[in-house]
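Here is what each chain is made of, one letter per residue.
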Amino acid sequence: MWLAALAGFALAALLSLALNPRAENAVFDGWQHLAPRDLSGSDVRVVAIGDESLEVIGSWPWPRRVLATMTRRIAEGGAAAIGFDILFVEPDAVSPTRFSRLYAPDDPAIEAWLDGLGSMDDEFADAISAAPVVLGRAGVTLGGAEPANLTQWATITGSPPPALVRYPLVQSNLAALEARAPGFGLLNGAPDADGVVRSVPLVLKTGEVLVPGLALEMVRVTIEQQSGTDPQIVVDPASVTIGQRRIPIDAQGRMRLHFADLPQTQIHSAIEIMSEEFDLSQLKDKIVVVSLTAEGTQDIVATPLGSEMYGVLVQAQAADAIRRGGWLVRPPIVRAAEWIIGALLAMVLLVLATSQAGARSRWLVLMMAGAGLPLASWLLFSLGDLLFDPIRPLLLASGSALAVFAALFGEARRERAALRDAQNRSEGELGAARAIQLGMLPDRAALAKLDPRIDIAAQLEAAKSVGGDFYDIIRLDKDRIVILIADVTGKGVPAALFMALSKALSRSVMLRSPGGLADTAAMLNEELMRDSGDALGLTMLLGILDLASGRAEFVNAGHDNPLRITGDGRVVEEAMEGGPPFCIMDYPWPAEAIVLQPGEAIVLITDGVTEAQDRAGQLFGNDRTRAALLTDQTSAAAMVSSLRDAVRGFENGADPSDDLTVVAFRYLGANPAA
């Protein structure tokens, strides 16, 4: 039962690992749908360059003078930080200097006047330098700048997580803008394997430099503006600390967000910001994120709350979470608790299964766990932002329980089958004889490891009408092995009981006899006649094999002669003088020697082989026996199997009339490893 429970637990654990993280994400995303985070008190604002703004000002990209005006307006409102979720890679398309190159005027004075107007990029750079602006950058693998050649305002120290995302190059902004910006943050943030964004990178690597994500850098600039000191950013494998705030991260340096829908009151259009009617005091001490949100923008991602959310809204929520808290955590202790609870549930169910408790109690425990664990997961999520997966312990407990229930069902079936067998044995002699016969045979697996100088195998298949076949392998000393095969001439329970007596006496006599094999045979016959009662006959082929020399001595008491498999594969019957079966009379059975060469084999059989019958009543006979032994001589087990299969194939479904017993051994030589 314990093994079944352990196997079920192990299979459920493998299934849980295979389903992870899809199963747990389904649960955690569901909780976010039920309880999104409250952002009504957020100090983060979004300036959206959407369709409304484009209709008024014109298509994107806008002239940099417009962006400079918008930046100054936001700064006038007292924004703590202004983050651009936009890359400014190309020069302003409508700067006067570019215009004069494209449409060179004929009048040199006009050309000089246009050149004197300067670049709108410089005007935007002036606005950036006078405001707490954070420009976005992108980590790339091709076509970017060397990170070591770029200005880095944020300093990050500590030991980063082992799987921190690293980009060899950086896609930066125009040099004029880069030279004037107070801060830079990376915009990269890959979704999970299923395409859903659940986390935002706080720290990444460009080259060998640790750099912040856009959200973290906006918070850094905010703290610097409000406190007058640059806050220290320290990273370790499990967290990022900025100022007094410690944020847990995963192995890729990401913070897992508790998502929300940003209230519309916290989203302003760009045209609204630039209107004189807009109350700029709404931006006082706020983090402002600017991004393009017009129709057709590519910055749309899937989140646990839906398949479409602008990326800027994710950055805004990330900045708010860093400032106020709002991340989700899944610490190692919670993961360990899932496994421990699953194991405890499995043990409780196992105890109930093996006790007198009924099935109702087991199902009650499972139903309570099925209701209680999701409730606990929900409470931990809603009250503590902790991610506890209820599916894992339920899966572990269910897998173990199902395995136990299956084992109980199988045990019940086995008990019923055993009861039927017991009834059958009590009703007939044949079942009892079969149980006695098979229970006393040497272990076949142990025979294969008996001695490296011999390859030996044996098989006994009891018939429905059981006789009294048996075989035995007895080790006398380090070199000598007794090999015997016998058949009680009677049938039914008396024959089976006499077989048991004969086997026990044979082993006893062989182990204590001081004389030669002929004397031993006489002693065995004497004891069998004294203890046999009704004096059932017993044919036996009794032999001693010397593994040091290959010499075998046999006494044949009315049994089938041994079959020798020669080195060239021939099957030869070793004709023996022998004598009558045991328990008939006193007789001087002679010991007859056979010397085996390395590689030669001996096969011993009972008459259940040669006298097997097909449906027409024909006997298997000696010729078919020899032919069967020619099919596969690679090992003793192969010879036994070939002969057995040939007999059963010949019978073609007919009920066996007698036990089938085969013993085969091949002498491998005194030193087979040499």
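Structure first, text after, so check above.
Residues numbered from 1 in each chain as written. Predicted model: local features only at pLDDT ≥ 70, side-chain atom pairs only at ≥ 80, totals over all residues. Heavy atoms only, no water.

Participant: Looking at this structure, I do not really get the overall build of the protein. What am I missing?
Facilitator: Of regular secondary structure, the protein possesses 21 helices and 29 strands. The burial tally for the protein puts 50% of its 674 residues in the buried class. Within the protein, counting contacts between residues at least 6 apart in sequence, those at least 24 apart form 76% of the total. Surface accessibility of the protein: about 30400 Å² in total, with carbon and sulfur atoms responsible for 56%. (Helix = DSSP H or I, 4+ residues; strand = E, 2+ residues; numbered from the N terminus. Buried < 20%, exposed > 50% of the residue type's maximum accessible area, 1.4 Å probe, protein only. Contact = heavy atoms within 4.5 Å. Areas by Shrake-Rupley, 256 points an atom, 1.4 Å probe, with all protein chains shown as cover.)

Participant: What am I meant to see in the nonpolar core here?
Facilitator: A general tendency of soluble globular proteins is for nonpolar side chains to be buried together. Ranked by internal contacts, the top residues of the largest apolar core, which has 49 residues, are Ile 483, Leu 538, Met 540, Phe 554, Phe 582 and Phe 665. The dominant element in this core, judged by the number of residues it contributes, is strand 22 (residues 480–488), at 7 residues. Among all residues touching Phe 582, those that are not within four sequence positions of it are Ala 521, Leu 524, Asn 525, Leu 528, Leu 536, Gly 537, Leu 538, Met 540, Ala 557 and Trp 589. Core analysis: the next-biggest nonpolar cluster, separate from the first, contains 45 residues, Leu 39, Val 46, Met 218 and Phe 259 among them. (Core = buried A, V, L, I, M, F, W, Y, C linked by side-chain atoms within 4.5 Å.)

Participant: Would you explain the packing of aromatic side chains in this entry?
Facilitator: Geometrically, a pair of aromatic rings is defined through the distance of the ring centres and the angle of the planes. Going through the model one piece at a time under the given rule, you end up with 9 aromatic pairs. Ring centres 5.5 Å apart and planes at 65° place the aromatic pair Tyr 587 and Trp 589 in the edge-to-face group. Look at Tyr 587 and you get partly exposed, because its relative accessible area is 30%. Residue Trp 589 is classed as buried on the basis of its relative accessible area, which comes to 2%. Lying over the aromatic face of Phe 184, Arg 137 brings its terminal NZ or CZ to 3.7 Å of the ring centre. (Phe/Tyr/Trp six-rings, centres within 6.5 Å; stacked < 30°, edge-to-face > 60°. Lys NZ or Arg CZ within 6 Å of the ring centre and 35° of its normal.)

Participant: How should I be thinking about the sheet that holds strand 5 (residues 166–167) in this particular structure?
Facilitator: Paired through backbone hydrogen bonds, the strands of a sheet run either parallel or antiparallel to each other. Pairing is mixed in the open sheet, where 3 strands are placed in the order 5-9-10. Across the chains shown, the open sheet's two edge strands, defined by having one partner strand only, are strand 5 and strand 10 (209–212). In the sheet, strand 9 (residues 203–206) pairs with strand 10 via 4 bridges, with the strands oriented antiparallel. Its bridge partner being in strand 10, Val 203 is matched across the sheet by Pro 212. (Pairing = 2+ DSSP bridges.)

Participant: What should I look at first to understand the layout of surface pockets in this one?
Facilitator: One number sums up the size of the largest pocket: a volume of about 690 Å³. Taken together, 27 residues line the largest pocket, and the ones lying closest to its centre are Asp 250, Arg 254, Arg 256, Arg 330 and Arg 335. Counting only elements with at least two residues in the lining of the largest pocket, the list comes to helix 2 (22–34), strand 13 (245–248), strand 14 (254–257) and helix 12 (332–354). Each residue belonging to the lining of the largest pocket can be placed in one class, and the counts come to 12 nonpolar, 4 polar and 11 charged. In this model, the second largest pocket occupies a volume close to 470 Å³. Lining the second largest pocket are 20 residues, and of these Asp 85, Leu 187, Asp 299, Val 301 and Gly 311 sit closest to its centre. Looking at the lining of the second largest pocket, the elements that each hand over two or more residues are strand 8 (199–201), strand 16 (287–292), strand 17 (300–303) and helix 11 (311–324). In the lining of the second largest pocket, the residues fall into 10 nonpolar, 8 polar and 2 charged. (1 Å grid on protein atoms, 1.4 Å probe; cavity = no way out; pocket = protein on both sides within 12 Å on 5 of 7 lines; lining within 4 Å. Points joined across faces, edges and corners; volume = space filled by probe spheres on them. Nonpolar A, V, L, I, M, F, W, Y, C, P; charged D, E, K, R; others polar.)

Participant: In this structure, what is going on with the pattern of salt bridges? I would like to understand it.
Facilitator: A side chain of one charge can pair with a side chain of the opposite charge when the charged atoms of the two come close. For the coordinates displayed, the defined rule picks out 40 salt bridges. As a salt-bridge pair, Arg 72 and Glu 123 come within 3.8 Å of each other at their nearest N and O atoms. Of this pair, Arg 72 sits in helix 4 (residues 64–76) while Glu 123 sits in helix 7 (residues 120–129), placing them 51 residues apart in sequence. The exposure class of Arg 72 is partly exposed, given its relative accessible area of 33%. Residues Asp 477 and Arg 480 are paired through a salt bridge, measuring 2.9 Å at the closest nitrogen-oxygen approach. Here the salt bridges do not stand alone but share partners, grouping Asp 29, Asp 192, Asp 194, Arg 198, Asp 250 and Arg 254 into one network. (Salt bridge = Lys/Arg side-chain N within 4 Å of Asp/Glu carboxyl O.)

Participant: Would you mind showing me how to read helix 2 here?
Facilitator: Every α-helix winds through 3.6 residues per turn, so residues three or four apart in the chain are directed the same way. Between its first and last C-alpha atoms helix 2 spans 19 Å; for 13 residues at 1.5 Å apiece the expected length is 18 Å, and the two agree. Among the residues of helix 2, those classed as buried are Ala 23, Glu 24, Asn 25, Val 27, Phe 28, Asp 29, Trp 31 and Gln 32. (Expected span 1.5 Å × (residues − 1).)

Participant: Which parts of the structure should I look at to understand the environment of Arg 323?
Facilitator: Relative to the assigned elements, Arg 323 resides in helix 11. Residue classification places Arg 323 among the partly exposed positions, given a relative accessible area of 23%. Excluding anything up to four places from it in sequence, Arg 323 contacts Asp 43, Val 219, Thr 222, Ile 223, Gln 226, Arg 245 and Ile 287. In terms of polar contacts, Arg 323 uses its side chain to reach the side chain of Gln 226, at 3.4 Å. (Polar contact = N/O pair within 3.5 Å; in protein donor to acceptor, adjacent residues only side chain to side chain.)

Participant: Looking at this model, I keep getting lost on the side chain of Ser 291. Mind explaining?
Facilitator: Structurally, Ser 291 is set in strand 16. Taking the relative accessible area as the measure of exposure, Ser 291 reaches 2% and is therefore buried. Those residues in contact with Ser 291, other than ones at most four positions away along the chain, are Val 47, Ala 48, Ile 49, Asp 85, Ile 86, Asp 299 and Val 312.

Participant: I'm lost on the packing of helix 20 (residues 621–629) against helix 21 (residues 636–651) in this one. Help?
Facilitator: Pairs of packed helices are described in terms of their axes, by the angle between the two and the distance that separates them. Between helix 20 and helix 21, the shortest axis-to-axis distance is 8 Å and the interhelical angle comes to 135°. By the angle between their directions, the pair helix 20 and helix 21 is classed as oblique. The handedness of the crossing between helix 20 and helix 21 comes out as right-handed. Residues Arg 624, Thr 625, Ala 628 and Leu 629 of helix 20 touch helix 21, and the partners they reach there are Met 639, Ser 642, Leu 643, Ala 646 and Phe 650. A per-class count over the contact of helix 20 with helix 21 returns 6 nonpolar, 2 polar and 1 charged. (Axes fitted to C-alpha atoms, helices over the stretch in contact; angles between N-to-C directions. Parallel < 35°, antiparallel > 145°, perpendicular 65-115°, else oblique. Left-handed = near helix turned anticlockwise from the far one by under 90°.)

Participant: Would you take a moment to explain the sheet that holds strand 27 (residues 592–595) for this structure?
Facilitator: Strands sit in the order 21-22-23-24-27 across an open sheet of 5 strands; the sheet is antiparallel. Two strands bound the open sheet, and with one partner strand each, they are strand 21 (468–475) and strand 27. Within this sheet the neighbouring strands show an average axis-to-axis angle of 15°, counted without direction. By the bridge criterion, 4 bridges tie strand 24 (residues 551–557) to strand 27 in an arrangement that is antiparallel. If you follow Glu 553 over to strand 27, its bridge partner there is Ala 593.

Participant: Got a minute to help me understand the pairing of strand 23 (residues 538–546) in this structure?
Facilitator: Successive residues of a regular strand alternate their side chains across the two faces of the sheet. Most of strand 23 is tucked away, with 8 of its 9 residues classed as buried. In this sheet, strand 23 lies alongside strand 22 in antiparallel orientation, the contact comprising 9 bridges. Bridging from a neighbouring strand, Arg 480 pairs with Asp 546 of strand 23. The pairing of strand 23 with strand 24 spans 6 bridges and is antiparallel. Note that in strand 24 the partner of Leu 545 across the bridge is Ala 552. Between the end of strand 23 and the start of strand 24, which pair antiparallel, lie 4 residues, with Gly 550 showing a positive phi angle near 85°.

Participant: What should I look at first to understand a nonpolar patch on the surface in this one?
Facilitator: A grouping of Trp 363, Leu 364, Met 367 and Met 368 is seen on the molecular surface, where their side chains present a nonpolar patch of about 460 Å² in accessible area. Examined against the element boundaries, Met 367 turns out to sit in helix 13 (residues 359–384). According to the relative accessible area criterion, Met 367 is exposed, its value standing at 55%. (Patch = residues over 30% accessible without salt bridge, like charges linked within 9 Å, V, L, I, M, F, W, Y side chains within 5 Å.)

Participant: How should the packing of helix 4 against helix 7 be read in this particular structure?
Facilitator: Remark: helix 4 packs on helix 7, axes separated minimally by 8 Å, with the N-to-C direction vectors making an angle of 10°. Classified by the angle their axes make, helix 4 and helix 7 are roughly parallel. Read as a crossing pair, helix 4 and helix 7 show a hand that is left-handed. Residue-level inspection shows Arg 64, Arg 65, Leu 67, Ala 68, Thr 71 and Arg 72 of helix 4 in contact with helix 7, the latter providing Met 120, Asp 121, Glu 123, Phe 124 and Ala 127. Per-class residue counts for the contact of helix 4 with helix 7 are 5 nonpolar, 1 polar and 5 charged.

Note that every value here comes from positions in space, so none of it alone points to a role or purpose.
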